[in-house]
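Per-entry structural report
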Amino acid sequence: MRPARPGRRGACRNGSGNRRTVDAPRTRHEFRTADARDLGGLADGSVHLVVTSPPYPMIEMWDECFGALDPSIGSALAEGRGDDAFEAMHRMLDRVWRELHRVLADGGIACINVGDATRTLDGSFRLYPNHARVLQACAALGWRSLPAILWRKPTNAPNKFMGSGMLPPGAHVTLEHEYVLVLRKGDKREFPTEAGKRRRRESAFFWEERNAWFSDVWFGLVGTGQELAGVDRRARSGAFPFELAFRLVSMFSVKGDTVLDPFAGTGTTLLAAVGTERNSIGLEVDAGLADVVHTRLLNAGPGLNRFLDERLARHDRFRREREVAGQPLKHLNEPHGMPCMSAQETELRIRRIRTIECAAPGVYAATYV
Ligand SMILES: C[S@@+](CC[C@H](N)C(=O)[O-])C[C@H]1O[C@@H](n2cnc3c(N)ncnc32)[C@H](O)[C@@H]1O
């Protein structure tokens, strides 16, 4: 697989300063224009985590995208054959789930953000259960399903209720959630080496973060600052919130791992990987997004650092609340000199970003303080 062409990006430039130290930690991030159905450029077992969100079958904004890859989809939709279109779109995604299983290392996890679709075709309204179809296909491909996350999205549109108003039984409930399906390749991952164990301990999250992140319903997810939030972009590109990717990368991988997003869009997963000291690879079929990702990555340093600072500040507020409540935290996190709840958090280390540079077309390097 060849790297994405630089397009209008021109010469690679430094996003946030020129200083570099010899032994500063460093991560690598690659964005390629490529079709996710063929991951031929990635070796078997070379990826530790997948965080992704495909185009959603039967959601109109993705009709053109699916139709461009398989013309039979366009005619099925035009002729009102919803089931055929739904199945053809999913057959395309099945190829990606198969490839992801191949490139993941044993014990590696895939987090797939997908929403169901409702649609009226040929005068008939119905639900197209994307999440169930993906789970079914992945089970057949050998994936092991773990408990999924319901992402409750904020919607306050006044016209969100559809159907027969206040008269039963012709109204239907509004979809206000999406799924993050969590699938594993094989058994739980092991960390046999001392270096691996140390990276795992450094990648720990705070006790109170664990309580929120490992709940099966997520709401109120935000980014931080316009350059990370992706709020405007969501309407145009289907970008997920930065914090969604940040949590998933933190929960299911360790520092130094490689995270893959085969439907990278505007590169939110790559940004989350930069912010968590993981390496990343993003694939995206729309060549026009390479410029967006390039600009976003090179300008991400200050926003990411604000997000990381806020993470520590949140923990400090939690620490203070416990003290006020007469329940002080009993352990000490050494790297940050902060009390923490458990012995597992004592080596947790959050490194601020020093530089994000473009090392070659489509290839970026981040260094840390
Ligand atoms: C839901 S969006 C992902 C948005 C992304 N999570 C973000 O935060 O920007 C799905 C993306 O998949 C891309 N896509 C669709 N089919 C693809 C394929 N076969 N290979 C690679 N990318 C594809 C679309 O162009 C779109 O950008």
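Below or above, wherever it landed, is the structure these notes cover. Each chain carries its own residue numbering, running from 1 in the direction its sequence is written. Residues qualify for local features only when their pLDDT is at least 70, as the model is predicted, and side-chain atom pairs are given and counted only at 80 or more; totals for whole chains, interfaces and linings, by contrast, use all residues. Here the side-chain values reflect all heavy atoms present in the structure, with hydrogen atoms and water set aside.

1. Focus on the packing of aromatic side chains
Any two of the Phe, Tyr and Trp rings considered here, Trp counted by its six-membered ring, make a pair once their centres fall within 6.5 Å; the pair's planes then place it as stacked at under 30 degrees, edge-to-face at over 60, or tilted in between. Following the criterion strictly, the structure yields 10 aromatic pairs and no others. Geometrically, the ring pair formed by Trp-213 and Phe-246 is edge-to-face, given 6.5 Å between the ring centres and 85° between the ring planes. Taken together, the residues Trp-213 in helix H6 (residues 207-213) and Phe-246 in helix H9 (residues 242-252) connect sequence positions 33 residues apart. Here Trp-213 and Phe-246 have matching classes, each one buried. For the ring pair Phe-242 and Phe-307, a centre distance of 4.9 Å and an interplane angle of 90° mean the geometry is edge-to-face. Of this pair, Phe-242 sits in helix H9 while Phe-307 sits in helix H12 (residues 301-324); the two residues are 65 residues apart in sequence, bridging distant segments of the chain. Partly exposed describes any residue whose relative accessible area lies between the buried limit of under 20% and the exposed limit of over 50%, with all areas from a 1.4 Å probe on protein chains only and scaled to the type maximum. For Phe-242, a relative accessible area of 0% gives the class buried. Strands here mean DSSP runs of E at least two residues long; helices mean DSSP runs of H or I at least four residues long; both are numbered from the N terminus.

2. Some words on a nonpolar patch on the surface
By definition, no residue in a patch forms a salt bridge, and every one has over 30% relative accessible area; like charges are joined within 9 Å, nonpolar side chains (Val, Leu, Ile, Met, Phe, Trp, Tyr) within 5 Å. Every accessible area reported is derived by Shrake-Rupley at a probe size of 1.4 Å, with residue values counting cover from the shown protein chains alone. Here, a salt bridge means any side-chain nitrogen of Lys or Arg that lies within 4 Å of a carboxyl oxygen of Asp or Glu. Residues Leu-150, Val-217 and Phe-219 make up a contiguous nonpolar surface patch of roughly 260 Å² in combined accessible area. In this structure, Leu-150 sits in strand E6 (residues 144-152). Overall, the relative accessible area of 31% leaves Leu-150 in the partly exposed class.

3. Regarding the sheet that holds strand E10 (residues 279-284)
Read from one edge to the other, the open sheet built from 10 strands follows the order E8-E6-E7-E3-E2-E9-E10-E1-E14-E13, with strand pairing classed as mixed. Lying at the two open borders of the sheet, with one neighbouring strand each, are strand E8 (217-218) and strand E13 (353-360). For two strands to pair, DSSP has to find at least two bridges joining them. Relative to strand E7 (residues 177-184), E6 runs antiparallel, the two sharing 7 bridges. Bridging from a neighbouring strand, Leu-150 pairs with Tyr-179 of E7. Here a residue-residue contact requires only that any non-hydrogen atoms of the pair lie within 4.5 Å. Every angle, taken between N-to-C directions, lies between 0 and 180 degrees, and every axis is a line fitted to C-alpha atoms, over only the stretch in contact when it is a helix. Each of strand E1 (26-33), E10, E13 and strand E14 (363-368) touches helix H11 (residues 289-298); the most contacted strand, E13, lies at about 150° to it.

4. Quick word on the site of the ligand
In the neighbourhood of the ligand, 23 residues make up the surrounding shell, with Asp-35, Ala-36, Thr-266, Thr-268 and Glu-284 lying closest. When the ligand is considered free in solution it has 610 Å² of accessible area, and contact with the protein chains removes 96% of it. By convention in this text, a residue qualifies as near a molecule or strand provided that one of its non-hydrogen atoms is within 4 Å of it.

5. Here's the deal with the pairing of strand E2 (residues 47-52)
Across the 6 residues that make up E2, a large majority, 5, are buried. As paired elements, E2 and strand E3 (residues 104-114) share 5 bridges and run parallel to each other. Bridge assignment links Thr-52 to a residue of E3, and that residue is Ile-112. Strand direction decides the pairing type here: E2 and strand E9 (residues 258-261), joined by 2 bridges, are parallel.

6. Focus: the environment of Tyr-128
One can find Tyr-128 in strand E5 (residues 124-128). As for Tyr-128 and Ala-117, which are separated by 11 residues in sequence, their C-alpha atoms are 5.1 Å apart. With near-sequence residues (within four places) excluded, Tyr-128 lies in contact with Met-58, Gly-82, Asp-83, Phe-86, Asp-116, Ala-117, Arg-119 and Leu-121.

7. What about the packing of helix H2 (residues 71-78) against helix H3 (residues 82-103)?
At a minimum axis separation of 8 Å, H2 and H3 run at an interaxial angle of 160°. As judged from the angle between their axes, H2 and H3 are roughly antiparallel. Remark: the crossing between H2 and H3 carries left-handed chirality. Contacts between H2 and H3 involve Ile-73, Ala-76 and Leu-77 from the former and Asp-84, Ala-85, Ala-88, Met-89 and Met-92 from the latter. For this scheme, ten residues count as nonpolar: Ala, Val, Leu, Ile, Met, Phe, Trp, Tyr, Cys and Pro. Four count as charged, namely Asp, Glu, Lys and Arg, and the remainder, Gly too, count as polar. Here the contact of H2 with H3 is built from residues that sort into 7 nonpolar, no polar and 1 charged. Should an angle lie under 35 degrees it is considered roughly parallel, over 145 roughly antiparallel, and from 65 to 115 roughly perpendicular; all remaining angles are considered oblique. Two helices that cross are described as forming a left-handed crossing if the nearer one is turned anticlockwise from the farther one by less than a right angle, and a right-handed crossing if clockwise.

8. Looking at unusual backbone geometry
Residue Pro-169 is reached from Pro-168 by a cis peptide bond, and omega for that bond is -5°. Positive phi outside glycine occurs at Met-58, with the angle close to 70°. Note on placement: Met-58 falls in the loop between E2 and helix H1 (63-69). Unlike most non-glycine residues, Asp-122 shows phi in positive territory, near 55°. For Asp-122, the position within the fold is in the loop between strand E4 (117-121) and E5.

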